[in-house]
Amino acid sequence: MNIRKQRFGTGVVVLDVLEDRLDAAVAEDFRSSVLAAIEEGAGKLVINLGNVAFMDSSGLGALVGCLRHVGAEGSIVLSSVTRPVERVLRLTRINRVFEVFEDTAAAIQASAPAHS
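Residues numbered from 1 in each chain as written. Predicted model: local features only at pLDDT ≥ 70, side-chain atom pairs only at ≥ 80, totals over all residues. Heavy atoms only, no water.

Chemist: I keep staring at the overall build of the chain and nothing clicks. Help me out?
Modeler: When helices and strands are counted, the chain shows 4 helices and 7 strands. For the chain, the α and β elements follow one another from N to C terminus as β-β-β-α-β-β-α-β-α-β-α. Taking 2.2 N^0.38 as the reference for a compact globule, 116 residues should give roughly 13 Å; the C-alpha atoms of the chain span a radius of gyration of 13 Å, in line with that estimate. In the chain, buried positions account for 41% of the 116 residues. When contacts within the chain are restricted to residue pairs at least 6 apart in sequence, long-range pairs at least 24 apart make up 70% of them. Element-wise, carbon and sulfur atoms account for 48% of the exposed surface of the chain, whose accessible area totals about 6,300 Å². Here the chain carries 12 positive and 14 negative side-chain charges, and the mean point of each set is 6 Å from the other. (Helix = DSSP H or I, 4+ residues; strand = E, 2+ residues; numbered from the N terminus. Rg over C-alpha atoms; globule rule 2.2 N^0.38 Å. Buried < 20%, exposed > 50% of the residue type's maximum accessible area, 1.4 Å probe, protein only. Contact = heavy atoms within 4.5 Å. Areas by Shrake-Rupley, 256 points an atom, 1.4 Å probe, with all protein chains shown as cover. Lys, Arg positive; Asp, Glu negative; His and termini not counted. Charge placed at Lys NZ, Arg CZ, Asp CG, Glu CD.)

Here it is as C-alpha cells:
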C-alpha cells in the first residue's frame, strides 16, 4: 500500500493514498497504515482519496474500522474524494459518518485545533 504521511501543525496528519484502488487486495494494508498513524499519536487524520478511482466494500470496511481506534478526542475526515468513490460513499450512506472536504487544505483547516 502506497501512502504518504505528512504532519501539519499540532496533531493533524494527512495520509495521501497513492493507489488508484481501495479494494480487497489492499484494504488490510490500508487499515494497518491508518492504525499505525493513530498509534503514533495522530489524533486528527485527513485521508486524501484524490487518487482513488475505485473503492469496494473491503475499502469501506477498512475506513469504518479505523474510526473505532481514533478515540473520542480524535477524528478522521476525507478529502479530495473522486466522483466514483463519492458515489459509493453516498449509496452506502458512509458520507454521513465521515465529513468529506473538497480538498485537503480545507480538511486540514477544519481539523486543526482552534487557537485560544
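Having seen it, we continue.
Chemist: Before we go on, may I ask you to explain helix α1 (residues 27–39) in this structure?
Modeler: Helical periodicity: at 3.6 residues per turn, an α-helix aligns residues three or four positions apart in one direction. Its 13 residues give α1 an end-to-end C-alpha distance of 18 Å, which sits within 8% of 18 Å, the value for a rise of 1.5 Å per residue. Those residues of α1 not exposed but buried are A27, F30, V34, L35, A37 and I38. Taken down its axis, α1 places every buried residue within 155° of arc, on the same side. Here the buried face of α1 lies against β1 (3–8), β2 (12–17), β3 (21–22), β4 (44–48) and α2 (57–70). (Expected span 1.5 Å × (residues − 1). Arc of directions from axis to C-beta.)

Chemist: In this structure, what is going on with the sheet that holds strand β6 (residues 75–79)? I would like to understand it.
Modeler: The strands making up a sheet associate through hydrogen bonds between their backbones, and the pairing can be parallel or antiparallel. Overall, mixed pairing links the 5 strands, which are arranged β1-β2-β4-β6-β7 in an open sheet. What marks the edges here is a single partner per strand, and that holds for β1 and β7 (99–101). Going from strand to strand, the sheet's axes swing by 25° on average, the running direction of each strand aside. As paired strands, β2 and β4 are joined by 5 bridges and run parallel to one another. Paired with V13 across the strands is L45, a residue of β4. Across the face of the sheet, α1 comes into contact with β1, β2 and β4 while running at roughly 150° to β4. (Pairing = 2+ DSSP bridges. Axes fitted to C-alpha atoms, helices over the stretch in contact; angles between N-to-C directions.)

Chemist: Before we go on, may I ask you to explain the pairing of β2 in this structure?
Modeler: Side-chain positions along a regular strand alternate between the two faces of the sheet. For β2, a buried count of 6 out of 6 residues is recorded, marking the element as mostly surrounded by other parts of the structure. Across the two faces of β2 the burial is the same, with V12, V14 and D16 and V13, L15 and V17 all buried. Sheet analysis places β1 next to β2, joined by 6 bridges and oriented antiparallel. From the neighbouring strand, I3 faces β2, where its bridge partner is V17.

Chemist: Hey, could you run me through the pattern of salt bridges in this one?
Modeler: Two side chains with opposite charge may pair up if their charged atoms get near one another. On inspection of all chains with the given rule, the structure shows 4 salt bridges. With a closest N to O distance of 3.1 Å, R4 and D16 form a salt bridge. Of the two residues, R4 sits in strand β1 while D16 sits in strand β2, which places them 12 residues apart along the sequence. Owing to a relative accessible area of 44%, R4 belongs among the partly exposed residues under this scheme. Salt-bridge contacts for R31 lead to E28; the nearest nitrogen and oxygen are separated by 3.8 Å. One end of the pair, R31, and the other, E28, are both in helix α1, 3 residues apart, so they sit about a helical turn from each other. (Salt bridge = Lys/Arg side-chain N within 4 Å of Asp/Glu carboxyl O.)

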